[in-house]
Each structure stands twice: as C-alpha cells, then as structure tokens.
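Architecture and fold: a report
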Amino acid sequence: MDRLGFLELMEELLEVPAGTLNGNECLRDLDNWDSLALIGFMAMVNEQTGIILAPKVLATCQTVADLMKLVVTSDRDSVV
Amino acid sequence: MASSRIENVRLAGVASAVPGPALSVSEDARFPADEVGKISASTGVHRRHLAGNQCCTSTLCAAAAESLLAGMAIPKDSIDILIFVSQTPDYLLPATACAVHGRLGLSPSCAAFDVNLGCSGYVYGLWLAASLLQAGAKRALLLVGDTISRVVSPSDRSTALLFGDAGTATVLETSVGAPPIFFELGTDGSGAEHLTVPAGAFRRPSTTATGQRREREGGNVRSDEDLFMNGGEIFAFTMRTVPMLCKTLMQRAGWSMDDADAFVMHQANRFMLQHLAKLMRLPKEKVVMALEDFGNTSSASIPLALSVSLADRLRTSTTKLVMAGFGVGFSWAGATVEAGPMTMPELVRVGSEGWEAE
C-alpha cells in the first residue's frame with residue numbers, strides 16, 4: 001500500500017472528506033479516532049495487506065504518520 | 001491443536017431460554033444517543049435480554065432443559081451425564097451442575113460437573129459430552145449459558161452495550177452409524193488478561209477497593225470486579241486463530257465450502273464476524289448472525305443462534321454445521337457436525353416469576 005492509498009483509506013475510516021489528512025495529525029485530536037476506529041483500522045490493514053497489527057504497537061502511535069509506517073514498511077516486528 | 005473424531009454420537013435437541021423482555025440499547029441513558037447509535041451500528045446489537053440481579057444462569061438453563069426434555073419426551077432418568085458450562089455459576093461451591101441436577105430431578109446415577117469457559121464453552125461442552133458418550137455413557141445433557149450482564153459495568157462503553165444473557169440445553173446421545181463429529185480445540189493462556197474479571201475470586205478477593213468503580217482508559221468506568229475487555233487484543237487473536245481453525249476442521253471432515261450448510265460462530269459482534277467471513281471467503285448467506293435481538297451471550301451464543309436462526313431447518317433436515325467458539329482464555333474450539341432432524345423447541349422466555357420462585 002502506498003502513502004496516498006493509506007491516507008484515502010484512513011479518511012474513509014474516520015469519515016472525513018477526501019484530501020483532509022496529510023499524515024501529521026495527532027491521533028488524539030481526531031474526533032473519530034476511538035476504540036472502534038482502532039479495530040476498524042486493524043481490519044482495514046488486515047484486509048489490504050494480510051498483516052495482523054499488534055494492539056500494543058498501535059498504542060504507541062501518536063500520529064497518522066506513525067500508523068502509516070506500520071503498514072507501508074510492513075515491518076515484521078509489528079506483526080503479532 | 002487438540003483434535004478428536006467422535007463416532008456414533010448425535011445431537012438430539014437444542015433449546016434456549018432468555019430472561020424477560022428484550023431491552024433496546026437505544027434506551028441506555030448513560031451514553032449520548034449518537035455514541036450508542038455508533039456502537040450499535042458496529043456491534044450489530046440492538047436489543048438484549050438482561051437477567052438483572054435475581055436471575056441466575058442456572059435458572060435459564062433449567063428452563064431450557066425442561067422445555068427440551070418435554071419436547072423430546074425422554075425420561076429424566078435416561079440422562080447419564082449433566083455438564084454445566086458457564087462463567088457465572090450460582091455458587092463458589094457446590095458445582096451448579098449438582099444444584100441443577102436436584103432441581104431437574106435427575107437420577108442419582110447421573111454424573112454432574114461444571115466447566116468454567118465462555119466463548120469457546122459450547123463447543124468444549126459438545127466435545128466433552130461426545131467423548132464421554134463414546135466412552136460408554138448413553139445420553140448427556142449439556143447446559144451452557146451466562147448472565148454476563150451481571151458483571152458488566154453500565155458505564156463501560158466497551159462492554160455495556162454488547163452483552164446479553166441466555167441459557168441453553170443440548171441433548172447428545174449415542175446413535176449407531178451417526179456421521180462423525182470432528183473437533184479442534186486450543187488455548188493461548190498468554191491472552192488471559194485481555195478478557196477478565198480481575199477480582200472477586202481467590203487470587204484477588206473482593207474488598208471495598210476492588211468493588212470501587214473508577215475511570216479507566218477512554219473514560220470508561222468500572223471496578224476490578226467488573227468485566228474488562230481489551231477489544232483490540234481479542235480482535236487480533238480471532239484473526240490469528242479462527243480462519244485456521246475452520247480451515248483445519250473442514251479439511252479433516254473432507255468438506256468443501258459448498259458442503260457446509262451454515263457457519264455458526266460465537267456471536268461476538270457483527271463487525272468481527274463480517275471480517276472473519278471476509279477473511280475466510282465464506283458465502284454471506286451461510287454465516288449465521290443472531291446478535292441483533294440478543295447481543296453477545298457469551299457461552300450461549302452458538303446454541304442460541306441454532307435456536308433462533310436454524311431451528312426450522314434442524315427440525316426437518318440434516319444440516320452440515322461448522323461451529324467455532326473463540327474468546328476468553330484465550331480459548332477456542334470448533335466442530336463440524338451433521339445435525340438434524342432433531343428436537344428444537346421454541347425459544348423459552350423466563351419472566352421474573354420464574355426466578356422468584358426459586
């Protein structure tokens with residue numbers, strides 16, 4: 001998954017208009033980033049890439065870009 | 001995974017019981033209406049039946065058992081084994097199975113014991129009962145249910161709008177020539193902390209402090225005697241485990257996707273079931289969803305789904321079922337069963353007079 005594709009999927013997940021996100025957003029400032037969105041994010045990543053993200057790793061992410069790194073680099077350390 | 005192939009045992013009947021009338025989650029006043037709507041849209045739970053503080057799991061299971069035994073017209077003294085699977089027993093001791101044995105008036109020659117399991121508990125119970133029947137018993141009564149709402153904080157949005165209560169009864173019996181039942185079971189105890197009631201038993205006995213509700217992550221309010229659920233960890237666990245469980249089972253049974261008539265998974269929540277169905281490429285019409293009016297009923301969810309979604313089919317014809325229970329423990333168990341025709345009584349609704357009489 002590339003950067004643009006990732007941001008489009010995040011916008012769909014968070015129900016914000018297309019082109020809204022650039023990656024620098026703090027997750028805690030996003031109204032719709034909650035426990036349901038976190039599970040939706042895990043499902044989205046799993047569906048698109050087959051990766052099962054570890055919630056402990058997700059909990060360390062501060063920004064949209066932090067989430068992106070987990071997916072775009074497909075870092076095996078982040079896979080449960 | 002532990003594997004078993006059971007010969008000459010059949011499911012003879014399933015009955016389910018729920019307490020009182022259904023209560024709508026939209027009536028919950030503790031969370032804003034838009035938040036309730038959002039959670040409900042994701043979980044698929046719109047109504048639940050809640051036990052309140054008077055109704056025990058055993059009450060619901062006994063009502064289901066009475067209905068089933070009457071429907072099957074079998075004598076009570078023909079029951080060799082009574083297994084009660086629940087995380088919400090009547091007492092620390094004795095075993096609730098013994099108390100229910102007395103209430104149902106079963107024979108003194110009937111073995112009775114409890115098993116503490118939740119989401120995987122129904123399939124575990126089938127496996128235990130079937131294994132004991134294969135070892136020489138003739139007929140088993142499996143009671144499975146929970147009143148999880150009684151350990152849920154009403155101010156914890158991760159659990160408060162999800163769970164419902166139910167009790168079920170299943171009769172298994174020896175039947176020469178019955179199609180084989182395949183079981184797969186497993187455990188990952190490293191996940192025990194992710195779905196737990198941390199205090200109130202013997203590791204952390206109940207104290208004033210453990211009973212005190214306070215604010216936790218995400219503004220959720222609960223005590224250490226309330227149910228804690230880490231939804232993310234459970235979701236990751238199910239993605240790791242359930243597709244492989246179902247694949248292994250179907251390979252062992254020699255079933256293709258076309259062969260299976262219905263996939264009856266633990267009714268955890270709609271979002272999870274839809275994602276698992278997508279991962280496994282299951283035909284949508286074969287994936288049973290029975291959450292809307294009952295919520296996640298823990299150990300009871302698979303037999304309750306049989307009662308409310310497949311009863312007509314199971315009464316009249318043989319149905320190839322893939323069952324998968326997964327969750328608290330972490331524990332999982334799956335089975336392929338060719339079930340029916342069998343006795344499937346109507347859903348029993350236990351009013352408050354039913355539990356006050358005990």
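Here the structure is a predicted model, which is why all the values come from computation and not from measurement. (Residues numbered from 1 in each chain as written. Chains lettered and ligands numbered in written order. Predicted model: local features only at pLDDT ≥ 70, side-chain atom pairs only at ≥ 80, totals over all residues. Heavy atoms only, no water.)

With that settled, the discussion passes to the overall build of chain B. Each helix and strand in chain B was counted, giving nine helices and 17 strands. For 358 residues, the compact-globule estimate of 2.2 N^0.38 gives 21 Å, and chain B sits close to it at 19 Å. Across the 358 residues of chain B, 57% fall into the buried class. Only carbon and sulfur atoms are counted for the fraction: they give 52% of the accessible area of chain B, which is about 13,900 Å². If the 30 positive side-chain charges of chain B are averaged to one point and the 35 negative ones to another, these points end up 4 Å apart. (Helix = DSSP H or I, 4+ residues; strand = E, 2+ residues; numbered from the N terminus. Rg over C-alpha atoms; globule rule 2.2 N^0.38 Å. Buried < 20%, exposed > 50% of the residue type's maximum accessible area, 1.4 Å probe, protein only. Areas by Shrake-Rupley, 256 points an atom, 1.4 Å probe, with all protein chains shown as cover. Lys, Arg positive; Asp, Glu negative; His and termini not counted. Charge placed at Lys NZ, Arg CZ, Asp CG, Glu CD.)

What tends to happen in soluble globular proteins is that the nonpolar side chains get buried as a cluster. In this structure, A:Phe6, A:Met10, A:Trp33, A:Phe41, A:Leu67, B:Met265 and B:Phe326 are the most contacted members of the largest nonpolar core, which totals 73 residues. At the level of elements, helix H1 (3-14), helix H2 (35-49) and helix H4 (64-72) of chain A together with helix H1 (33-43), helix H5 (231-253), strand S14 (262-265), helix H6 (270-279) and strand S15 (319-327) of chain B are the ones that each hand at least two residues to this core. Residues in contact with A:Met10, not counting those within four places in the same chain, are A:Leu21, A:Trp33, A:Phe41, A:Met44 and A:Leu67. (Core = buried A, V, L, I, M, F, W, Y, C linked by side-chain atoms within 4.5 Å. Contact = heavy atoms within 4.5 Å.)

Within this structure, the stated rule accounts for six aromatic pairs over all chains. Ring centres 6.0 Å apart and planes at 85° place the aromatic pair A:Phe6 and A:Phe41 in the edge-to-face group. Of the two residues, A:Phe6 sits in helix H1 while A:Phe41 sits in helix H2, which places them 35 residues apart along the sequence. The exposure class of A:Phe41 is buried, given its relative accessible area of 0%. The interplanar angle of 5° and the centroid separation of 4.2 Å between the aromatic rings of B:Phe237 and B:Phe330 together place this pair among those described as stacked. You can see B:Phe237 sitting in helix H5 and its partner B:Phe330 sitting in the loop between S15 and strand S16 (331-339), a full 93 residues away along the chain. (Phe/Tyr/Trp six-rings, centres within 6.5 Å; stacked < 30°, edge-to-face > 60°.)

With that settled, consider the interface of chain B and chain A. Each side of the interface is counted separately: chain B has 14 residues, and chain A has 15 residues. Interface area, chain B with chain A, both sides summed: about 1,300 Å², of which 72% is carbon and sulfur. Among the residues of chain B in contact with chain A, B:Lys38, B:Met239 and B:Arg240 are the three that bury the most area, contributing 32% of the side total. Taken together, chain B and chain A are joined by two salt bridges. When the shortest N-O distance is used, the salt bridge between B:Lys38 and A:Asp34 registers 2.9 Å. Where chain B packs against chain A, one counts three residue pairs in polar contact (both at pLDDT 80 or more). Put simply, the parts of the chain that give the side of chain B that touches chain A at least two residues each are H1, H5 and H6 of chain B. In terms of residue class, the side of chain B that touches chain A is made up of six nonpolar, four polar and four charged. (Buried area = accessible area lost by both parts, 1.4 Å probe. Salt bridge = Lys/Arg side-chain N within 4 Å of Asp/Glu carboxyl O. Polar contact = N/O pair within 3.5 Å; in protein donor to acceptor, adjacent residues only side chain to side chain. Nonpolar A, V, L, I, M, F, W, Y, C, P; charged D, E, K, R; others polar.)

Before going further, it helps to examine unusual backbone geometry. Residues and elements named next belong to chain B. Phe330 follows Gly329 through a cis peptide bond whose omega is -15°. A cis geometry characterises the amide bond from Gly340 onward to Pro341, with omega recorded as -5°. Within the element layout of this structure, Pro341 appears in the loop between S16 and strand S17 (348-350). Of note in the backbone geometry, Asn8 takes a positive phi value of approximately 60° without being a glycine. By secondary structure assignment, the location of Asn8 is in the loop between strand S1 (2-6) and strand S2 (9-19). Its identity as a non-glycine residue notwithstanding, Ala73 has a phi of 55°, on the positive side.

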